[in-house]
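Chain by chain, the residues:
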Amino acid sequence: MIRAGHVIALCALALLTIGVVMVNSASLGVTGVAGPLAPAGTPLQAAPMTLKSVLFTSATFHMFVAMVMMGVVAFFPIRRLVGGAGLQMSDQYDTAKAWTGLAVGVLLCLAVLSLVYMPGIGQAKNGSNRWINIPGLGEGLSAQPSEIAKWGMLLLIAWYCAVRGPQMKSFFKGLAPALVAIGAVAGFIVIEDLGTGLLITTACCVLLLAGGARIWHFLMFVPLGLAGVAAAVIKSPYRLTRITTFLDPYKDPEGTGYHQVQSLIAIANGQGVGRGLGFGLQSKGYLPEDRTDFLFAIICEELGIPGAAAVIFLFVLLIWAGLSVVKHERSPALKLFALGATITIGVQAVINLAVVTVVAPTKGIALPLISAGGTGWILTAMSLGILIAIDRTSDEAEAVERGELPLLKVGSLGEAGSVAA
């Protein structure tokens, strides 16, 4: 019988495979001699893509690590680990423990994020401090701390909501500390990356609502949140330029609107059926960030509507499988993390597709499991591994509840938490 976990694993494998192939395709250059010194009649030929050229690349290595880590995490004794996290019924009224755990988690996230400003470790790209060099592995390998903070905050907020349980309905005892924690981490990220900061805020707020927080408490902070976003945009001229350019990218097609115009040209070049793998024109120096944030435009150009539809279908199937895991899970902590992971991947994919198709202003948001990025691939795959582990052990947990198996040391709150079904 095919389970939701099997679907998640297959979708992850398919998306990563597409990512490896398309990243390598977008990396194809043109060989030959060009310019005024070139001999007359010298042709320019595209460098061929071979099995060897695909297998021995950083993208293939990242895919291999991602799949291995997803497999390892999928076989974690996830319910025993949750039991070891101290999720006991009495903790729902242990305010000191909940707030201390939340504070420690936030400080750890901020410590990781601050590494981008540390001399010798931080690495600036395109005018932004978002990456760090991995110590001992040279400057060729880097990581993105915001990815670590993104998944770390999901774990932290899921744990916090499960610990507090019914106390989440109280503004000061439940919701307010979580909002302060989210604001601190997201605000730090927004300094360099507005898109990821908003993504983290959205996913974590969904978890708070699912964890029992009252919606009218959130509504009180909507004006403050909008004011914060407006301030972040106004303070950074390039963000304001992105918004005005989005409204009319053809006003300056060779300047501020160049990126969006070239993305639309790539999509149009596909002409429905695609130009063929490796035969795209926009990846030959026209479309910036073609291997990362705008890789979907290259997919549209080279694979046409069938390729684009396949990618979208895989994401829809992955989200459906994730929500299926959420629906059948009884442990609040696991249920909340599964929901957060599914929401994060879904929202991130929608944002990227909207940016590439110029339905939204340009943001530095990658397409999960497809756009080049080792940190993103590995951490996303590990998070999906947790969903697979949850699904894999769900029958065992239900058997324990029915008394068909002896009580295991799962330590979860069962149905005591206030988690939306």
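Structure's up top.
Okay, so let's go over this structure. (Residues numbered from 1 in each chain as written. Predicted model: local features only at pLDDT ≥ 70, side-chain atom pairs only at ≥ 80, totals over all residues. Heavy atoms only, no water.)

As a further point, take the overall build of the protein chain. A tally of regular secondary structure across the protein chain gives 16 helices and 5 strands. Residues counted as buried form 48% of the 421 residues belonging to the protein chain. In the protein chain, once contacts between residues fewer than 6 apart in sequence are set aside, the share between residues at least 24 apart is 72%. Just so you have it, the protein chain exposes about 19700 Å², and 70% of that area is on carbon and sulfur atoms. (Helix = DSSP H or I, 4+ residues; strand = E, 2+ residues; numbered from the N terminus. Buried < 20%, exposed > 50% of the residue type's maximum accessible area, 1.4 Å probe, protein only. Contact = heavy atoms within 4.5 Å. Areas by Shrake-Rupley, 256 points an atom, 1.4 Å probe, with all protein chains shown as cover.)

Another point: the packing of helix α1 (residues 4–26) against helix α3 (residues 58–74). Between α1 and α3, the least distance of the axes is 9 Å, while the angle of their chain directions is 170°. Comparing the axis directions of α1 and α3 gives the class roughly antiparallel. Of α3, the residues touching α1 (which contributes A9, A12, L13, L16, T17, V20, V23 and N24) are A59, T60, M63, A66, M67 and M70. Broken down by class, the residue content of the contact of α1 with α3 amounts to 11 nonpolar, 3 polar and no charged. (Axes fitted to C-alpha atoms, helices over the stretch in contact; angles between N-to-C directions. Parallel < 35°, antiparallel > 145°, perpendicular 65-115°, else oblique. Nonpolar A, V, L, I, M, F, W, Y, C, P; charged D, E, K, R; others polar.)

Below, the discussion takes up a nonpolar patch on the surface. A cluster of nonpolar side chains, L209, I215, W216, L219, M220, F221, V222, L224 and L226, forms an exposed patch at the surface whose accessible area comes to about 900 Å². Where the nonpolar patch is concerned, the elements lending two or more residues are α9 (215–219) and α10 (222–235). Secondary-structure assignment places I215 in helix α9. Assessed through its relative accessible area of 55%, I215 is described here as exposed. (Patch = residues over 30% accessible without salt bridge, like charges linked within 9 Å, V, L, I, M, F, W, Y side chains within 5 Å. Salt bridge = Lys/Arg side-chain N within 4 Å of Asp/Glu carboxyl O.)

Time to look at the sheet that holds strand β3 (residues 122–125). Within the open sheet, the 3 strands sit side by side as β3-β4-β5. Their pairing is antiparallel. Looking at which strands have only one partner, the edges of the open sheet turn out to be β3 and β5 (142–143). Across 4 bridges, β3 lies against strand β4 (residues 128–133) in antiparallel orientation. When the bridges of β4 are listed, K125 appears paired with S128. (Pairing = 2+ DSSP bridges.)

Here the focus is helix α8 (residues 194–210). The end-to-end C-alpha separation of α8 is 24 Å, in line with the 24 Å expected for 17 residues at 1.5 Å each. Buried residues dominate α8, accounting for 12 of its 17 residues. Those residues of α8 that fall on the buried side of the exposure criterion are L194, G195, T196, G197, L199, I200, A203, C204, C205, L207, L208 and A210. On its buried face, α8 sits against α6 (145–164), α7 (171–190), α9, α10, α11 (237–247) and α14 (332–356). Capping the start of α8, D193 holds a side-chain oxygen 3.3 Å from the backbone nitrogen of G195, two or three residues further along. After α8 finishes, the residue G212 shows a positive phi value of roughly 120°. (Expected span 1.5 Å × (residues − 1). Polar contact = N/O pair within 3.5 Å; in protein donor to acceptor, adjacent residues only side chain to side chain.)

Taken as a whole and judged by the stated rule, the model has 3 aromatic pairs. Where Y117 meets F188, the ring centres are 6.2 Å apart and the plane angle is 70°; that geometry is what we call edge-to-face. Here the residue Y117 occupies a position in the loop between α5 (95–113) and β3, and F188 occupies one in helix α7, the gap between them amounting to 71 residues. Judged by relative accessible area, which is 24%, F188 ranks as partly exposed. Taken together, a centroid distance of 5.0 Å and an interplanar angle of 85° make the contact between F171 and F172 edge-to-face. (Phe/Tyr/Trp six-rings, centres within 6.5 Å; stacked < 30°, edge-to-face > 60°.)

Another point: the nonpolar core. Side chains of a nonpolar character, in soluble globular proteins, are inclined to be buried together. Membership of the largest hydrophobic core comes to 98 residues, with the highest contact counts inside it found for M153, I157, L208 and F296. For this core, the element with the most residues is helix α13 (residues 295–328), which contributes 14 residues. The contacts of M153, once residues within four sequence positions are left out, are C109, A181, I182, V185, I200 and C204. (Core = buried A, V, L, I, M, F, W, Y, C linked by side-chain atoms within 4.5 Å.)

Moving on: the pattern of salt bridges. The final tally for this structure, using the stated rule, is 4 salt bridges. The shortest N-O distance in the salt bridge between R3 and D391 comes to 3.0 Å. Placement of the pair is R3 in the segment before α1 and D391 in helix α15 (residues 374–392), with a sequence separation of 388 residues. Between R130 and D193 there is a salt bridge, with its nearest N and O atoms 3.8 Å apart. With R130 in strand β4 and D193 in the loop between α7 and α8, this pair connects stretches of sequence that are 63 residues apart.

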